[in-house]
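Listed here are the chains, written in short residue letters.
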Amino acid sequence: MRSKDLIDLSDDPNLIPGIYNYCDRWCERCAFSGRCLLYATEKAEDDDPASRHINNAAFWHKLASIFAQTQEMISAWADENGVDLTPSALAEGEEHNDRQQAQSRNHPLAKIAEEYAFAVNEWFENEFEPMEVFSDTTAGSNDDDEHDEAVNDYLEVIRWYQFLIAVKLIRAISSRLEEDEYGDEEWHHSDGSAKVALIAIDRSLSAWKLIGELRSENGVSIRKLLLDLEKLRLHTEREFPTARDFIRPGFDETSLDILQ
Ligand code: SF4
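Residues numbered from 1 in each chain as written. Predicted model: local features only at pLDDT ≥ 70, side-chain atom pairs only at ≥ 80, totals over all residues. Heavy atoms only, no water.

Student: Any details on the packing of helix 4 (residues 87-105) against helix 7 (residues 164-182)? Residues and values, ideally.
Tutor: Where helix 4 meets helix 7, the closest approach of the two axes is 8 Å, and the angle between their N-to-C directions is 125°. For the element pair helix 4 / helix 7, the angle class is oblique. When you trace helix 4 past helix 7, the crossing you get is right-handed. Taking contact as the criterion, the partners of His 96, Gln 100, Gln 101, Gln 103, Ser 104 and Arg 105 in helix 4 are, on helix 7, Ile 170, Ile 173, Ser 174, Leu 177, Glu 178, Glu 181 and Tyr 182. Considered class by class, the residues forming the contact of helix 4 with helix 7 number four nonpolar, six polar and three charged. (Axes fitted to C-alpha atoms, helices over the stretch in contact; angles between N-to-C directions. Helix = DSSP H or I, 4+ residues; strand = E, 2+ residues; numbered from the N terminus. Parallel < 35°, antiparallel > 145°, perpendicular 65-115°, else oblique. Left-handed = near helix turned anticlockwise from the far one by under 90°. Contact = heavy atoms within 4.5 Å. Nonpolar A, V, L, I, M, F, W, Y, C, P; charged D, E, K, R; others polar.)

As structure tokens, then:
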């Protein structure tokens, strides 16, 4: 995509500013894809199918053409926001970020979320035949097909959120460290990220419950995962008590015109 096209896109009044900052990146299932700059940018790139192919010159050309414009945009944002991009400031910032990242990853909440993600992997290894998940549902009886499709839908939800929960919680913890340090009262990014994690947990809980109803043979192992997730949900709500009140651009705005 050309630089001008990108600028034209970002000026589109139909787009909701910053909506992609607090989403789950599941664009296929997103009700707001028509109002998201990130989605519009990626879709515009997809219009040139060759541009996605790593061996095609168009792919590298696209990256090169966006790189120059991206640098201009970053410099302008850095000036506007007083961000120091000199080498010494960057080195200092890097050390600080590493420390913050380590602190966030070692937080008990992050640990529990990571444990859940790996427990899900184990569940798939132990409770499913390798070819069973997302198998072809075009053959067999209608009832069987519907049953398999439903299970696959719920499994897709589990898989989508499995690691995203930990990623969003680590980001929430890291943002909170920054907010504590810089006293950023106006925007609580930490609550925004924690809210996305909580929504992912809620949806995963529902998906596990529904899978359990359809696959009674996995009942015991699913109950364990439900308990683990519920604990994670309660810990998250305790750590981020105002997260559910965070208003995410687009998703939590009450005006119905947003869905039109
Ligand atoms: S807001 Fe929706 S369309 Fe945009 S990046 Fe997030 S999930 Fe994808």
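Still more to cover.
Student: Describe the nonpolar core, and please don't skip the residues or the numbers.
Tutor: Judged by nonpolar contacts, the single largest core of 39 residues is most densely connected at Tyr 116, Trp 123, Ile 158, Ile 165, Trp 208, Leu 229 and Leu 232. Breaking this core down by element, the ones donating at least two residues are helix 5 (108-127), helix 6 (142-162), helix 7, helix 8 (189-214) and helix 9 (219-239). It is helix 8 that contributes the most residues to this core, 10 residues altogether. Setting aside chain neighbours within four positions, we find Trp 208 in contact with Tyr 116, Val 120, Trp 123, Ile 158, Ile 222, Leu 225, Leu 226 and Leu 229. (Core = buried A, V, L, I, M, F, W, Y, C linked by side-chain atoms within 4.5 Å. Buried < 20%, exposed > 50% of the residue type's maximum accessible area, 1.4 Å probe, protein only.)

Student: Tell me about the environment of Pro 17, residues and numbers included.
Tutor: Here Pro 17 lies in the loop between helix 1 (3-10) and helix 2 (37-46). Residue Pro 17 is classed as exposed on the basis of its relative accessible area, which comes to 71%. When the C-alpha atoms of Pro 17 and Cys 36 are compared, they prove to be 7.8 Å apart, with 19 residues separating the residues in sequence.

Student: Outline the packing of aromatic side chains, listing residues and values.
Tutor: Aromatic ring pairs are reported here in terms of the distance separating the ring centres and the angle at which the planes meet. Within this structure, the stated rule accounts for seven aromatic pairs. Taken together, a centroid distance of 4.8 Å and an interplanar angle of 80° make the contact between Trp 123 and Trp 208 edge-to-face. Linking Trp 123 in helix 5 with Trp 208 in helix 8, this pair joins segments that are 85 residues apart in sequence. Assessed through its relative accessible area of 0%, Trp 208 is described here as buried. Site record: aromatic cluster; members linked through ring pairs are Trp 26, Trp 160 and Tyr 161. The ring of Phe 124 has Arg 159 sitting right over it, with the charged end atom 3.7 Å from the ring centre. A cation over an aromatic ring shows up here: Arg 176 above the ring of Phe 240, its NZ or CZ 4.5 Å from the ring centre. (Phe/Tyr/Trp six-rings, centres within 6.5 Å; stacked < 30°, edge-to-face > 60°. Lys NZ or Arg CZ within 6 Å of the ring centre and 35° of its normal.)

Student: Residue-level account of the environment of Glu 230, with values.
Tutor: Considering the arrangement of structural elements, one finds Glu 230 in helix 9. For Glu 230, a relative accessible area of 27% corresponds to the partly exposed category. Distance in space between the C-alpha atoms of Glu 230 and Asp 202 is 8.7 Å, their sequence separation being 28 residues.

Student: Give a description of helix 6 that names residues and reports values.
Tutor: Compared with an ideal rise of 1.5 Å per residue, which puts 21 residues at 30 Å, helix 6 spans 30 Å between its outermost C-alpha atoms and is within 8% of the ideal. Among all positions in helix 6, only Asp 145, Ala 150, Val 151, Asn 152, Leu 155, Val 157, Ile 158, Tyr 161 and Gln 162 are buried. Buried residues along helix 6 sit in contact with helix 5, helix 7 and helix 8. (Expected span 1.5 Å × (residues − 1).)

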